[in-house]
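# A closer look at the structure
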Amino acid sequence: MSTSEHVLSIPDLIAKKRDGLELSPNEIQQFITGLSNGDVQDCHVGAMLMAIYIQGMTEREICSMTMSMRDSGERLSWPNYRGIVVDKHSTGGIGDKISIPLAPALAACQMKVPMMSGRGLGITGGTLDKLESIPGYQTQLTDEQIVQLITNVGCGIFSQSVKLNPADRYLYSIRDVTATVPSNALIVSSILSKKAIEDLDGLVLDIKYGSSAFMKTPENAEVLADWLFKVSELLGMKTCCYITEMNNPIGYCIGNALEIQESLDLMKYKQGHSADLEDLICEQGGRLLLLTKKAQTIEEGREMIRDTFKNGSALQKFHDMIIGQGVSPSIAAQLVSNDENAVQSILKLSDVTHQAISTQKGYVQSIASFNLGTIVQRLGGGRLKSTDKLDFSVGIRLLKHVGDSVQENEPWAILYAPHDASKRYPSFLDDLNSSLVVSLTPVQPLQRIYKILA
Ligand code: URA
């Protein structure tokens, strides 16, 4: 800290931000350091987050915040990997399981993918929660375990820890309960501080907009994307931002165990897997191959990723990754086998099912992902309080996608519900049934990508 700068108390720092003044890099660092040395208490954090939420932050503040959070713990370092360490991060959506097949697919293309992921936030599902529906899967790894996994297998999907970005862990948990999640400054620093720890050569960010995303409009998503792009460039990370639609669920499945089943179906390249999911993964993975010059064009990059699904190499990497993260070899072997009964017996779904039936003949115009995300969350597939234990067996399997034709009285979704569903969420069936919008005239399949900032 420079000797000329007067050191303010923590309440004075909060007041400065509350009054719309810019905090200096030293002041931001003082606040972030205070999270771990005891100078800053939960009440200070809540007040500061709300001040940031209301006043926003300047570019200098966001950069300082990101770097101070990155430096709140250890950083990962790799044994001389040149230009091949990559990652992808999404702001969160419904049915968004892109990371789960993407990390192994990239590893199968000889990339190194240390994917530090998050848990569900609000109605949006979390990659770590989904993976924990696999018995034995460990999300908390030591730095040594991460480096070993990335060296031996090429990919790992794990959480922050007391050593890796403890500041984000702390701030994230307080944001979730103080209505301060949807702040551009806080989202940018949260995402990029995690990515900056990984010492990346390429990063793809997927910024969602729509009814079930933090950003409700493409215009707001674009403002966030601009910030993410600018700050990541300032931090020296080669980044590409996708702005994608999140009014309709991604793929056919929503819910923890179901989304692992759907990810496995894609990695096995089973007939009937979701083309919507496959295309988004090939696009974002292909972009990382292009960013790191492993592909000469985006078309080549997309095909390289698609080939890893067709030839089983992504599935093999997934098998090796989950064993490296604590799953027993026998469970891993059953999951990647073609024995559907074995897969279902591991990734158990609730035996209480409800069908959603179309009341009209026509074409699927939209499927309200906000409703479906809310139903899964309220029935136990997501958290209402941070201490809630998840019910992995809850989920919704869609039988239709936007653009498909549908008959009157035809089922369009199956809900796997807990036994006490009506008690937990009395209107769940009405909300499910009202989520389908049918058009009398043909509807084009969904265009997910709104814009790419590269
Ligand atoms: N993902 C994150 O990691 N942080 C946020 O704040 C939002 C989405």
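Fair warning: this is a prediction, and the values are worked out from it, not measured in the lab. (Residues numbered from 1 in each chain as written. Predicted model: local features only at pLDDT ≥ 70, side-chain atom pairs only at ≥ 80, totals over all residues. Heavy atoms only, no water.)

### Some remarks on the overall build of the chain
A tally of regular secondary structure across the chain gives 19 helices and 13 strands. For a compact globule of 454 residues, the expected C-alpha radius of gyration is about 22 Å, and the chain comes in at 22 Å, within 12% of that figure. With the principal axes as the frame, the chain shows a C-alpha extent of 75 × 50 × 40 Å. Per-residue burial over the chain gives 56% buried out of 454 residues. Put simply, of all contacts in the chain between residues at least 6 apart along the chain, 77% involve residues at least 24 apart. When the accessible surface of the chain is totalled, it reaches about 18,100 Å², and 51% of it is carbon and sulfur. Both charge centroids of the chain, one from 42 positive and one from 51 negative side chains, sit 1 Å from each other. (Helix = DSSP H or I, 4+ residues; strand = E, 2+ residues; numbered from the N terminus. Rg over C-alpha atoms; globule rule 2.2 N^0.38 Å. Buried < 20%, exposed > 50% of the residue type's maximum accessible area, 1.4 Å probe, protein only. Contact = heavy atoms within 4.5 Å. Areas by Shrake-Rupley, 256 points an atom, 1.4 Å probe, with all protein chains shown as cover. Lys, Arg positive; Asp, Glu negative; His and termini not counted. Charge placed at Lys NZ, Arg CZ, Asp CG, Glu CD.)

### Considering the site of the ligand
Lining the immediate environment of the ligand, one finds His89, Thr91, Tyr172, Arg175, Ile187, Ser190, Ile191, Lys194 and Phe214. At a separation of 2.6 Å, an oxygen atom of the ligand approaches a polar side-chain atom of Lys194. Burial of the ligand by the surrounding chains reaches 96%, relative to a free accessible area of 240 Å². When contributions to the shell around the ligand are tallied by element, the ones reaching two or more residues are helix H8 (166-176) and helix H9 (184-197). For the shell around the ligand, the residue count by class is four nonpolar, three polar and two charged. (Near = heavy atom within 4 Å. Polar contact = N/O pair within 3.5 Å; in protein donor to acceptor, adjacent residues only side chain to side chain. Nonpolar A, V, L, I, M, F, W, Y, C, P; charged D, E, K, R; others polar.)

### Examining the state of the cysteines
Counted according to the given criterion, the structure contains zero disulfides. Cys240 carries a free sulfur, and the closest cysteine sulfur to it, the one in Cys241, is 6.7 Å from it. (Disulfide = S-S within 2.5 Å.)

### What to know about the environment of Val181
With respect to the helices and strands, Val181 occurs in the loop between H8 and H9. With relative accessibility at 10%, the residue Val181 sits in the buried group. In this structure, the C-alpha to C-alpha distance between Val181 and Cys253, residues 72 residues apart in sequence, is 25 Å. Those residues in contact with Val181 that sit more than four places away from it in its chain are Leu121, Arg175, Asp176, Ile187 and Phe214.

### Examining the packing of helix H3 (residues 42-55) against H8
One can describe the packing of H3 onto H8 by two numbers: an axis separation of 10 Å at closest approach and a directional angle of 70 degrees. One way to sum up the angle between H3 and H8 is to call them roughly perpendicular. Taking contact as the criterion, the partners of Asp42, Val45, Gly46 and Leu49 in H3 are, on H8, Tyr170, Leu171, Ile174 and Arg175. A class-by-class count of the residues in the contact of H3 with H8 yields five nonpolar, one polar and two charged. (Axes fitted to C-alpha atoms, helices over the stretch in contact; angles between N-to-C directions. Parallel < 35°, antiparallel > 145°, perpendicular 65-115°, else oblique.)

### Re the side chain of Thr239
Within the secondary structure, Thr239 sits in strand E5 (residues 239-245). At a separation of 3.0 Å, a polar atom in the side chain of Thr239 contacts the side chain of Ser232. When near neighbours in sequence (up to four residues on either side) are disregarded, Thr239 contacts Leu203, Leu205, Phe229, Ser232, Glu233, Leu291 and Leu453.

### A look at the UniProt feature "domain: Pyrimidine nucleoside phosphorylase C-terminal" (unreviewed entry) in the chain
Mapped onto this structure's residue numbering, the UniProt feature "domain: Pyrimidine nucleoside phosphorylase C-terminal" (unreviewed entry) falls at residues 363-439. Counting secondary structure, residues 363-439 comes out at 30% helix and 29% strand; the distance between its end C-alpha atoms is 5 Å. (UniProt positions renumbered as here; feature names shortened; annotations may be inferred.)

### Quick look at the domain arrangement of the chain
Looking at the chain, the domain boundaries give domain 1 (79-163 + 187-335) and domain 2 (348-439). Relative to domain 2, the C-alpha centre of domain 1 lies at a distance of 25 Å. Listed as interface residues are 25 residues of domain 1 and, on the opposing side, 26 residues of domain 2. Note on domain 1 versus domain 2: buried area summed over both sides is about 1,900 Å², and carbon and sulfur give 58% of it. The interface formed by domain 1 and domain 2 holds one salt bridge in total. In this structure, Asp129 and Arg383 form a salt bridge, with 2.9 Å as the shortest nitrogen-oxygen distance. Put simply, the parts of the chain that give the side of domain 1 that touches domain 2 at least two residues each are strand E6 (253-254) and helix H11 (256-267). If one sorts the elements of the side of domain 1 that touches domain 2 by residue count, H11 sits on top with four residues. For the side of domain 1 that touches domain 2, the per-class residue count stands at nine nonpolar, 12 polar and four charged. (Domains from an automatic or database assignment. Buried area = accessible area lost by both parts, 1.4 Å probe. Salt bridge = Lys/Arg side-chain N within 4 Å of Asp/Glu carboxyl O.)

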